[in-house]
Amino acid sequence: MTIKDIARESGYAVGTVSRVLNNNPRVSEDARRKILAGVAQHGYQPNANAKHLKQQVPEGLALIVKGTQNALFADLLDKLQPCLEARGYTPTVYYNNGSTDELACAQTIFAERRPCGLFFIGAHPQCFTPALASLGIPCLLLTNNAAGLGICHSLAHALGGRFHLPHGRLNALILPHVIHFNVDDRAAAAVMIEQLYAKGHRVIGIIGDRPETSRPSPQRLDGCLDALQRLGVPFDFDRQYRLADFSMQGGYAAAEHLLAHCPGLTAIFAMSDLMA
């Protein structure tokens, strides 16, 4: 009995069975119950040594996810893993908390598992340095804005050193083939304030994270303040702005504080769906 047999009998993908066996929280209770029932029925025991070897095959991909509470990331993983498996890759998900250095995490995973590629979901761009290119494998960064990271320049230096080619010429060759999509957090936040204003709201509370731990927060705050000033709406920062972690609990506590300390409040803009 193998993990593929358990997957076939339970009707779920191998990746889903793997998440259940590894106590990953991103699995529905119904799926967990059915898979564990099959495991118990057949007395299946995962082989730790085989698992370790499997994660070191050339087709292994490491998916490094920031945090464990982001529903958007869970949806991405649910769709991403079957696509990777259908193309012959073996994805392994690694979760880290908000304070973990993604580069250090990637270096550890690479040293232990030797994946053929790394997929960072929700990582903070400031954690990335030219050392990332030194791993010598493809890395995909899904974040709000990857501009200014200098990844192409770093790759050009690495390839130039290996093949004795001018890094300037390599940088020019690499750049057109790098695709990145950036989110304009400032403009998007301004649109949200304009929508609330159009609905008749004039006393608006804002919930955001600390700028030093979240790159989008200061940009979104600037967008909010730009829109409020343009619309002529007064904003008392001390009363109408509240810091919170990117979590449901943090957003709830911040909303309670705003409602208690800001009379006349009619709307709240939370800078993250997790806070809302």
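Residues numbered from 1 in each chain as written. Predicted model: local features only at pLDDT ≥ 70, side-chain atom pairs only at ≥ 80, totals over all residues. Heavy atoms only, no water.

### Brief notes about the packing of aromatic side chains
For the coordinates displayed, the defined rule picks out two aromatic pairs. Both rings, one in Phe235 and one in Phe237, keep their centres 6.2 Å apart while their planes meet at 75 degrees; by these two values the pair is edge-to-face. Between Phe237 and Tyr241, the ring centres sit 4.8 Å apart and the planes meet at 25 degrees, which makes this aromatic pair stacked. Taking the relative accessible area as the measure of exposure, Phe237 reaches 39% and is therefore partly exposed. Among the aromatic side chains, those forming a connected cluster through ring pairs are Phe235, Phe237 and Tyr241. (Phe/Tyr/Trp six-rings, centres within 6.5 Å; stacked < 30°, edge-to-face > 60°. Buried < 20%, exposed > 50% of the residue type's maximum accessible area, 1.4 Å probe, protein only.)

### Things to note about the sheet that holds strand E6 (residues 241-243)
One open sheet holds the three strands; their spatial order is E6-E5-E7, and the pairing between them is parallel. Looking at strand neighbours, the two that pair on one side only are E6 and strand E7 (267-270), the edges of this open sheet. Strand-to-strand twist across the sheet, computed as the mean angle between neighbouring axes with direction ignored, equals 20 degrees. Pairing analysis gives three bridges linking strand E5 (residues 204-208) to E6, with the strands arranged parallel. Across the sheet, the residue bridging to Ile207 is Arg242, located in E6. Across the sheet, helix H9 (residues 185-198) lies against E5 and E7, angled at about 165 degrees from E7, the strand it touches most. Docked against the sheet, helix H12 (residues 248-261) engages E5, E6 and E7, running at close to 150 degrees with respect to E5. (Pairing = 2+ DSSP bridges. Helix = DSSP H or I, 4+ residues; strand = E, 2+ residues; numbered from the N terminus. Axes fitted to C-alpha atoms, helices over the stretch in contact; angles between N-to-C directions. Contact = heavy atoms within 4.5 Å.)

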